[in-house]
Each structure stands twice: as structure tokens, then as C-alpha cells.
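One-letter residues, chain by chain:
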Amino acid sequence: MDPTCSDSAAGGTPSRRPPTKRSSRQDSSSSSSDEEDEAEASGEEIADDEEEEEEVEEEAAAVEPAAKEHPAAAAAGEKRGGRKGRITISLKKVCKVCKRTGHEAGFKGAVYIDCPMKPCFLCKMPGHTTLTCPHRVAMEHGVIPAPRRNASTSLDYVFQSQVKGKISMKGLLGIWDYVKLHEKITYDSVHSCILNSMKIDNANDGILYTASSDGTISCTDLDTGIGSPLLNLNPNGWNGPSSWRMIYGMDLNTDKGLILVADNFGFLYFLDRRSKTRIGHPILIHKKGSKVTTLHCNPARPEVLLSSGNDHYARIWDTRKLEANSPLASLAHGRVVNSGYFSPQSGNKILTTCQDNRIRVWDYIFGDLQSRSREIVHSHDFNRHLTPFKAEWDPKDYTETVAVVGRYISENYNGVALHPIDFIDTSSGKLLAEVMDPDLATISPVNKLHPSIFIWKPKTEDELAEERTKQKAKEYVYGSGSRKKTNGKHDNSSDDDSDGDSGGKNKKAKKTRFTCTTKGKGKFKV
DNA sequence: AGCGTATGTCTCC
DNA sequence: TGGAGACCCTACGC
């Protein structure tokens, strides 16, 4: 029944991998140093560049004292079954990424050092690393550290009970009022696999719809906790991964009383909310066999549907005349599209998150959709192990410009690597704020902003006018050449970015149309 | 503290 | 076309 228990898991640990053609550049640094050891033991020269690093060599008889200082050497000696011969302990710098010597990549304290042999991890362009990427968000400017908390709070309770607690089951659904934490209820019988989407039916207060990788849609009454299944795409149970259907995308069309559902094979289903029955036949809306990641009904025109999928497309549909291969528009992306959302008020804009490390914005869905209005470089290209990152609109931002999205690349916060949650002005690509908390050391791929509680305060007309004046003064002093320097050859957010540079140069980018209040905990950079 | 491992997509053969 | 293997900053249990 559980697809995750299948034998479909690919890859495996490096130690299980058979040898490949890349014999001189093996997967792990340990294996490559083993090779060097072997080579030296047999008198061969090592082809690698000789760097200035020293090598310590010990005779087998002297292993014991060496092992005290170098446990790895002892382990290596044991592995070889006490084979007599010279033990070489290499102190060469070996890059974990490209396996070459002479440089290192990885964490140095809380700062991650990039491999200079690879393209930039952030914007994917060659010639520089993440640290020097023009799209890099710098932490050093205008940061006000949050006070470290020692006292236990209600959040600590949640953390202790949920994160640290032993939760071995999958598909748990927890519901609580955040001011009454002790009344939290956990349901373990609603789904048997991970929950991918949840929607509360605003027209029927207290009804929650959930979509899961177990292939079912459930409807749960939040007051009574009574749930009922609405749809099961795997009525015949587990017959292997090739036939197991999982549901990721789901949305409600409250006008028509419909629930729209999409599976990991590219098909869209309609459910009638009241009769709890399927309507019509499944319709192929993305490449056959590819996952549909999100569905979103347009808030102003509920018959207009946005789907995004693993086939590198986001598509707009008219659900009144829906047929396969008949989208109103197909929006091409560089890689898998993690999510796509209409803007929350007018529904005229589209915001997508793609695994090519770019957030894309279309300003007007009834205009020319062939090319996106903006493309914002942002670090979120991590899909394995984690829920895919999804940028979302701030639902209470009437100007439909602010989006929230978690960031993958960490920042050094008082010696700790933390992953901020970014607030981005999608009209310019500028970072408005980043939120961090030492108690939140994990990555936050999915974030929901409160529908009514503001952490943003729109600027007054006077403040805006003052900023415009300051900006003009800067342009006069520095000229307009900075944009070229900043963006270089990268085609990023600036197609119609009249303000000049985008995401990375944040000393200038910090102030735009919003300020951020210091309500609550965590760190805000404005 | 350190190791093992689940997990998804992409590229190459 | 499909399968095997690679993959840069995880999170968590043992």
C-alpha cells in the first residue's frame, strides 16, 4: 500500500555504487584517497597536481601511534586486514564537489565555500561562484540581529512535541489553534502517505480538503474531526510504482462546488463537492506520465485554471471547455515547475517557482504570454529530500507585488548557518526582507502568510516621494552604468526593471515601497 | 558525533 | 525509450 516502501528507490549510497568510468575522480573523497594510497603503495606516481600540502607517511609498525592522532588512518588499516606496507595519510586539500586537490568546497564554519570548478550554484552561470554572484543576497548590510531567546515559549512546546517527538507514521494531519496549543489534535487515519495539499473551504467553514500521495482526497470536519474519503485513485491497492497514483495539485472552485485534482501521471479530475462523485473523465493536462505539481483556480474568474507540472510547463485552461491539448496558454520553463499561482486579488498576474533557480512573473494573463514579464534569480533548486520550494503571493498585499519564498543557500548568522525566508518585490526582483530565527535551523520550502495580520506596512506617499528623490540623486552621482556591471551577461529579472539592478545588490535594493515592522521574533532585513 | 538513508530529477548510454 | 547512476549547503534516527 505504501509506495515509499517499494524497491523503486534509485541511487543508493556511494559505497554501494559500482565503479564507473570516472576512475580517477571517484565519488567520495575517501575512495579517491584510497586510490592514491594504493597507487603509492605500488610505487606508482599520482597524476594529480602536486600541491604544497604535506603528506605524512608511516610504516605499518607505527600505525598505532599514528592512529591515535588520526582515527581515519586506524580505520583504513583495519579495513585492509592489517596488510603490511606503508600507510600514507594524505593531508591534501580535496574538494568534496569536484574531487580535485588544491582547493576545498563545503562548510567552513557557517559559511559554505563553493567549488571554483563548477558554475555558480545560484544563477548557474560559469565564471564566478555563489559568493561573488551578482544575485547573491549579502547579509552584512543593515542587519539587526534578533535577540537570542532562552526562556521556553509556546513555540518551544510545539517544537518539543512535534519535531522532537517520535512520530513514526506518515500522513499525519495536525490541527490546532495556535493560541491553544495544548488542544492540538493529530489525525493518523485520514491519509497513509504524505499530505501534498490542503484547502479550507471558505464557503463551508470548518471543512478541510486534503490531497495525499496515497492517491486519495479526504474531507475532514475541523470541528468534529470526522473525515470522509472523496476520491481514491488506487482502488486496487499497491501494484508497484508504475501504477500508483499520487495527488499533488488540488484546488476548489467554490462557485461551481467543484474540487479539481491532478495526479502524478498528468491527469486532471473533477469532483462534485456535494455528491462526492467524480465528474467526467480524467483529462491529460501535462505530458503523459509527468507529475502535475500545483493547480490554482483564478480568484476573479474561477473557471480559469492554472496548472504547473514536471514537463517544464505551466498552463492556463478554461475549465468550461476543457480538452487535452487545448490550453489557453503554455508557459515554458527551464526545468520542473514547482508551483504556479494567480495573484490573489485581481488574478491578473502569475507567479511560478521553477527548479532552475528562478521565480517568474507574468504581469497580465490576457496580454502576451509568450515571454514572462520578469525572471528573478533565487536560490531554491533543491528537490531531493525536501518538499519543493514554492513562492507564494502575500494574500493581503493589494498591489500584488510581494511574494514570500524560502531560501536554500544559508546565511552566516552569528556563526550558525540559517536558511532565511525571503520577501521579494516581484515588480523589481528586489529583496524586501529576510526572516531568520536561530530556533528555526531547518529550510522552509513552503510558507503561508497570514490573510489578515500584517508584518508589512505600506509606505506613505511622503516616504515614497522622498525615496524617489534619493534614488534620483544617486543616479545623478553614479550614472546609470551599474546595471550592466551588476547583471553582466545574465538574463535575469530586469527586462522591464526600470529601477536598475535586481536581486543581488542589496545595499541599494533594501528600500523600496515597503517597510517591515519588527513584530514578532526573528530577524528582519529591510 | 558520525554514519546511513529516504527522497526527485536529470543526463547519459 | 528506459534504466542506471549522479547529485554542492537535508533531516533524522540509530
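Residues numbered from 1 in each chain as written. Chains lettered and ligands numbered in written order. Predicted model: local features only at pLDDT ≥ 70, side-chain atom pairs only at ≥ 80, totals over all residues. Heavy atoms only, no water.

- In the annotation of an unreviewed UniProt entry, chain A is listed under the name DNA damage-binding protein 2 and assigned to Panicum miliaceum.
- Check the Sequence similarities (unreviewed entry) section of the UniProt entry for chain A; it says "Belongs to the WD repeat DDB2/WDR76 family." (UniProt positions renumbered as here; feature names shortened; annotations may be inferred.)

### Thoughts on the UniProt feature "repeat: WD" (unreviewed entry) in chain A
No. 1: Here, UniProt's "repeat: WD" (unreviewed entry) annotation points to residues 330–363.
No. 2: In this annotation, residues 330–363 is assigned 0% helix and 56% strand; the end-to-end C-alpha distance for the span is 15 Å. (Helix = DSSP H or I, 4+ residues; strand = E, 2+ residues; numbered from the N terminus.)

### Structural notes on the pairing of strand β14 (residues 277–284)
No. 1: When strand β13 (residues 267–272) meets β14, the two strands line up antiparallel, connected through five bridges. Within β14, the residue paired with F270 across the bridge is I279.
No. 2: The antiparallel hairpin formed by β13 and β14 contains four residues in its connecting segment, where K276 sits at a positive phi of about 55°. (Pairing = 2+ DSSP bridges.)

### Regarding the sheet that holds strand β21 (residues 358–362)
No. 1: With antiparallel pairing, four strands are arranged side by side in an open sheet as β19-β20-β21-β22. Single-partner strands in this sheet number two, and they are β19 (337–342) and β22 (374–377). Pairwise comparison of adjacent strand axes, ignoring direction, gives a mean angle of 15° for this sheet.
No. 2: Summarising the sheet, β21 and β22 pair through four bridges and their orientation is antiparallel. Looking at β22, one finds that V361 is bridged to R374. (Axes fitted to C-alpha atoms, helices over the stretch in contact; angles between N-to-C directions.)

### A few points about the environment of I443
No. 1: By the secondary structure assignment, I443 is in the loop between β28 (430–436) and β29 (456–458).
No. 2: Between the C-alpha atom of I443 and that of L418, which follows or precedes it by 25 residues, the distance is 7.9 Å.
No. 3: Leaving out residues up to four positions away in the same chain, I443 has contacts with L386, F389, R407, Y408 and H419. (Contact = heavy atoms within 4.5 Å.)

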